[in-house]
Amino acid sequence: MKDLLRTKTSLSEGIEQLLNLQAKIESDASNKYLAMAAWLDRNGFANTASYLYKQAEEEREHFLKVFKYITEMGGIAITPTVGEVQQEFASFKEVFEIALQNEIAVTKAINKIIAKCRAENDYATEEFMMWYVAEQREEEINARRALELFELINENEAAGKFALDVQIAKIGEA
């Protein structure tokens, strides 16, 4: 069956491209969290692994939300390819250093979309993306909090590793 001809859309080509890029970024974030969770599981951090498995699923939901928005607005959503993701990490702490870097990169990508929406008076897409602004504020706070815990709890002691595993997993519950 031939695709329905969509002759009209309020999405500009530039905004549609940025949204497709954002969908890819969200999909990649899901894969990164999945790899991090698997590494944590292999290294005995079951509680934190569970937290990051949930994060991976949440990022997949974010991806689908953008993907569906593009199609609902009459655009062409591009299914992102799955790229290589880092599988090994030097330390428990490095997982969260990378997670924070990734969350900051996602925030910057979202801000770029909103700036483009404002420049083009695309208020519908800007309103849609404001949910992501609030979500990213929470994601960055959680990643920073995890790193703060490494400053408070000694990762180099067995009891410290256990305490970190328990405390980081609680971040998502707060």
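Before reading further, recall that the structure is shown in the block above.
Criteria and thresholds
- Residues numbered from 1 in each chain as written.
- Predicted model: local features only at pLDDT ≥ 70, side-chain atom pairs only at ≥ 80, totals over all residues.
- Heavy atoms only, no water.
- Helix = DSSP H or I, 4+ residues; strand = E, 2+ residues; numbered from the N terminus.
- Expected span 1.5 Å × (residues − 1).
- Buried < 20%, exposed > 50% of the residue type's maximum accessible area, 1.4 Å probe, protein only.
- Arc of directions from axis to C-beta.
- Contact = heavy atoms within 4.5 Å.
- Polar contact = N/O pair within 3.5 Å; in protein donor to acceptor, adjacent residues only side chain to side chain.
- Salt bridge = Lys/Arg side-chain N within 4 Å of Asp/Glu carboxyl O.
- Axes fitted to C-alpha atoms, helices over the stretch in contact; angles between N-to-C directions.
- Parallel < 35°, antiparallel > 145°, perpendicular 65-115°, else oblique.
- Left-handed = near helix turned anticlockwise from the far one by under 90°.
- Nonpolar A, V, L, I, M, F, W, Y, C, P; charged D, E, K, R; others polar.
- Phe/Tyr/Trp six-rings, centres within 6.5 Å; stacked < 30°, edge-to-face > 60°.
- Lys NZ or Arg CZ within 6 Å of the ring centre and 35° of its normal.
- Core = buried A, V, L, I, M, F, W, Y, C linked by side-chain atoms within 4.5 Å.

### Some thoughts on helix H5 (residues 158-171)
- The first and last C-alpha atoms of H5 sit 21 Å apart over 14 residues, in line with the 20 Å expected at 1.5 Å per residue.
- Among the residues making up H5, those that are buried are Gly160, Leu164, Asp165, Ile168, Ala169 and Ile171. Along H5, the residues classed as buried sweep out an arc of 160 degrees about the axis, all on the same side. Exposed positions of H5 whose direction lies more than 90 degrees from the buried face are Ala158, Ala159 and Phe162.
- On its buried side, H5 packs onto helix H2 (46-72), helix H3 (92-119) and helix H4 (123-152).

### Section: the side chain of glutamate 126
- Structurally, glutamate 126 is set in helix H4.
- A distance of 2.8 Å separates polar atoms of two side chains, one belonging to glutamate 126 and the other to arginine 118.
- With sequence-adjacent residues up to four places away left out, glutamate 126 is seen in contact with Ile114, Cys117 and Arg118.

### Considerations on the pattern of salt bridges
- A complete count under the given rule lists seven salt bridges for this structure.
- Two residues, lysine 24 and aspartate 28, come together in a salt bridge whose shortest N-O distance is 3.3 Å. Taken as a pair, lysine 24 and aspartate 28 lie in helix H1 (residues 13-42) at a separation of four residues, close to a single helical turn.
- Between glutamate 120 and lysine 116 there is a salt bridge; the shortest N-O distance is 3.0 Å.
- Lysine 116 sits in the partly exposed class, given a relative accessible area of 30%.

### Description of unusual backbone geometry
- Positive phi, normally seen in glycine, also occurs at asparagine 121, with a value near 55 degrees.
- Its place among the elements puts asparagine 121 in the loop between H3 and H4.

### Here's the deal with the packing of H2 against H3
- Remark: H2 packs on H3, axes separated minimally by 13 Å, with the N-to-C direction vectors making an angle of 20 degrees. With respect to their mutual orientation, H2 and H3 come out roughly parallel. As H2 runs across H3, the sense of the crossing is left-handed. Facing H2, whose interface residues are Thr48, Tyr51, Leu52 and Glu59, H3 presents Phe92, Val95, Phe96 and Glu103.
- Looking at the contact of H2 with H3, its residues break down into five nonpolar, one polar and two charged.

### Thoughts on the packing of aromatic side chains
- This model, assessed by the stated rule, comprises ten aromatic pairs.
- Between the aromatic rings of phenylalanine 63 and phenylalanine 67, the centroid separation amounts to 5.5 Å while the plane-to-plane angle is 50 degrees, which identifies the pairing as tilted. Taken together, the residues phenylalanine 63 and phenylalanine 67, both in helix H2 and four residues apart, mark about one turn of the helix.
- Aromatic side chains phenylalanine 96 and phenylalanine 150 sit 6.2 Å apart centroid to centroid with 40 degrees between the ring planes, which places their arrangement in the tilted category. Linking phenylalanine 96 in helix H3 with phenylalanine 150 in helix H4, this pair joins segments that are 54 residues apart in sequence. Residues phenylalanine 96 and phenylalanine 150 agree in their burial class; the two are buried.
- Clustering of aromatic rings is evident, with ring pairs tying together Trp39, Phe45, Phe89, Phe92, Phe96 and Phe150.
- Note that lysine 65 overlies the ring of tryptophan 131, its terminal NZ or CZ placed 3.5 Å from the centroid.

### Topic: the nonpolar core
- Counting residues in hydrophobic clusters, the biggest one holds 27 residues, and the most contacted among them are Met36, Leu40, Leu52, Phe92, Val95, Phe96 and Ile168.
- At the level of elements, H1, H2, H3, H4 and H5 are the ones that each hand at least two residues to this core.
- Residues contacting phenylalanine 96, with those up to four places away along its chain left out, are Thr48, Tyr51, Leu52, Ala146, Leu147, Phe150 and Ile168.
- Listed in part, the 19 residues of the second largest apolar core include Val66, Ala77, Val106 and Met129.

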